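One-letter residues, chain by chain:
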Amino acid sequence: DRYQRRVHGETRSRRKPSKTPRMSQPVVRVCVTGAAGLIAYALIPQIASGQCFGPDQPVAINMLDLDFAKQGLEGLAMELQDMVNPLLKDVVATTDPEVGFKDCDYCIMCGAFPRKQGMERKDLLAKNAEIFKAQGSVIAKVAKPTVKVLVVGNPANTNALLLQQSGNLPKENVTAMTRLDHSRARNMLARKVNVQTTEVQNFWIWGNHSPTMYPDVRHATVNGKPLMDVIGDAKYCDEDFPAEVGQRGALVIKTRGSSSATSAARAAIDHVHD
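> Sorry if this is basic, but what is going on with the nonpolar core here?
As a rule of thumb, soluble globular proteins bury nonpolar side chains together. Counting 36 residues, the largest nonpolar core has Leu 43, Ile 44, Ile 47, Met 63 and Ile 108 as its most contacted members. Elements represented by at least two residues in this core include exactly strand E2 (28-33), helix H1 (38-48), strand E3 (59-64), helix H2 (70-83), strand E4 (88-94) and helix H10 (262-273). Among all residues touching Ile 47, those that are not within four sequence positions of it are Val 30, Val 32, Cys 52, Phe 53, Val 59, Ile 61, Ile 108 and Ile 269. Among the nonpolar cores identified, the runner-up in size contains 20 residues, and Cys 31, Leu 64, Ile 139 and Val 142 belong to it.

Set out below in C-alpha cells:
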C-alpha cells in the first residue's frame, strides 16, 4: 500500500507582532520529490522559512519519495512541525505520486537514481528515463495546469525533456537546473580575482548540465571592468576555467564521497526564486 501522512495544524509564532508575516496571499503548494534525500533535507526547510517564495508567502509542502524512504519522510515531517514556522500551512508526506503532485503550483524534482563516483551522466539515462516519464504523466493529470517544474536530478536536461514530453506540459514551464554550475563558476572567478561573488556580473553558462557545458566569460565584468582583462590570462579563461567548472561536480563526489547536497539545494532555491 502507498504510504501517506498529512501533518497539519495551527502554527503560532513567537516573534513580536510587528514582525509577523502578512499572509493574505493564497497558499503556494510545492512538491519536492526525493524528499527523504540529502538535497531535499537541505531544501525543504528553506522553502518553509520563506527563502524561496518570500517572507510573506504562506506555503504547503508535499514530500514525495519511494516506499523504502517513508520513515525518513515521517522524521522530516516531525522536524517541520518542530520548526513552528508561521509560513508553513500544510505538510503532506507520501509515497503516492498522485497525492504528492496533487494541486501543486511548483514541483522540484530532486528524486533520481543517484550518480556514483566514476559514473557519467549517460549511465544514468536508462535508470532515470522511466521515472521521469511516469512522473510527467502524473503531474499533467493532477497538478495545476500552470505548474512550474524544476528538474534537479541528473541527467537533468534529459530528465526534464522526458518529463515535459510525457506530460505534454508547456515547454516554458519545465526547466533543468544549471544554477549550481553558474554559482560554482561565479565563485571560482571571484576567488581568482579576489573579489566577492556578487561583484562578478554578466557571466553565463551555455549548454547541458554536463562536462560539455560552456562557461562564457566574454561579457563578464568585475566592478564594471571586463573580467578577461582583470584576469589577464587567456589560457585560463579559454581552457583551464571551463575544465574546472565542468569537473567540479565530480571533484565534490571524489572529496566527500557523494554528490553535492547543500549547494544543490541552495541553487534550486535561487533558481525558483529568480
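Next, the rest of the story.
> Before we go on, may I ask you to explain helix H9 (residues 248-256) in this structure?
The α-helix winds at 3.6 residues per turn, so residues separated by three or four positions along the chain end up facing the same way. Those residues of H9 not exposed but buried are Gly 249, Val 252 and Ile 253. End-on, the buried residues of H9 take up no more than an arc of 100 degrees, which puts them together on one face. Away from the buried face of H9 by more than 90 degrees, exposed residues Lys 254 and Thr 255 are located. Those residues of H9 that are buried lie in contact with helix H6 (179-193). With its phi angle positive at about 85 degrees, Gly 257 sits one or two positions after the end of H9.

> What is the right way to look at the sheet that holds strand E8 (residues 200-201) in this model?
Strand-to-strand pairing in sheets goes through backbone hydrogen bonds, with the strands running parallel or antiparallel. Taken in spatial order, the three strands make up an open sheet running E8-E11-E12, and their pairing is antiparallel. Edge positions in the sheet fall to E8 and strand E12 (225-226), since each of these pairs with one other strand and no more. Here strand E11 (residues 221-222) runs beside E12; their pairing, made up of two bridges, is antiparallel. Considered in E12, the bridge of Val 222 is made with Lys 225.

> Honestly, the side chain of Gln 135 in this entry has me stumped. Any pointers?
Note on placement: Gln 135 falls in helix H4 (residues 121-142). Setting aside anything within four residues of it in sequence, one finds Gln 135 in contact with Thr 33, Phe 101 and Met 109.

> Where do I start with the side chain of Asp 181 in this structure?
Following the sequence through the fold, Asp 181 ends up in helix H6. Since its relative accessible area comes to 2%, Asp 181 is described here as buried. Excluding residues that lie within four positions of it along the chain, Asp 181 makes contacts with Ile 205, His 209, Met 213 and Val 245.

> Help me out: how do you make sense of helix H5 (residues 156-167) in this one?
Helix length check: H5 (twelve residues) gives 16 Å between terminal C-alpha atoms against 16 Å at 1.5 Å per residue, within 8%. Every buried residue of H5 is listed here: Ala 156, Asn 159, Ala 160, Leu 162, Leu 163, Gln 164 and Gly 167.

> Hey, could you run me through unusual backbone geometry in this one?
It is generally the case that most residues other than glycine have a negative phi and that most peptide bonds are trans. Following Asn 154, the chain continues to Pro 155 via a peptide bond in cis, the omega torsion being -5 degrees. For Pro 155, the position within the fold is in the loop between strand E6 (148-151) and H5. For Asp 103, which is not glycine, the phi dihedral falls at a positive 60 degrees. Structurally, the position occupied by Asp 103 is in the loop between helix H3 (97-100) and strand E5 (106-109). On the basis of relative accessible area, Asp 103 is assigned to the partly exposed category, the value being 38%. For Asn 202, which is not glycine, the phi torsion reads 60 degrees and is therefore positive. You can see Asn 202 is positioned in the loop between E8 and strand E9 (204-206).

> How do you make sense of the confidence of the model for the protein when you look at a structure like this?
Note that predicted coordinates carrying low pLDDT should not be read in detail. For the protein, per-residue confidence averages 90 on the pLDDT scale, and 91% of positions sit at 70 or higher. In this model residues 8-18 is a low-confidence stretch, pLDDT under 50, and it forms nine contacts with partners more than four residues away in sequence or in other chains.

> For this particular structure, what's the right way to read the environment of Tyr 236?
Within the secondary structure layout, Tyr 236 lies in helix H8 (residues 234-246). For the pair Tyr 236 and Leu 180, spaced 56 residues apart in the sequence, the C-alpha separation amounts to 21 Å.

> Help me understand the environment of Val 222 in this model?
Mapped onto the secondary structure, Val 222 falls in strand E11. Accessibility expressed as a relative area gives 5% for Val 222, which makes it buried. Linking Val 222 and Gln 196, residues 26 residues apart in sequence, is a C-alpha distance of 9.4 Å. If sequence neighbours within four positions are ignored, Val 222 has contacts with Val 193, Val 195, Glu 199, Val 200 and Leu 227.

What counts and how
- Residues numbered from 1 in each chain as written.
- Predicted model: local features only at pLDDT ≥ 70, side-chain atom pairs only at ≥ 80, totals over all residues.
- Heavy atoms only, no water.
- Core = buried A, V, L, I, M, F, W, Y, C linked by side-chain atoms within 4.5 Å.
- Buried < 20%, exposed > 50% of the residue type's maximum accessible area, 1.4 Å probe, protein only.
- Helix = DSSP H or I, 4+ residues; strand = E, 2+ residues; numbered from the N terminus.
- Contact = heavy atoms within 4.5 Å.
- Arc of directions from axis to C-beta.
- Pairing = 2+ DSSP bridges.
- Expected span 1.5 Å × (residues − 1).
- pLDDT = per-residue confidence, 0-100.

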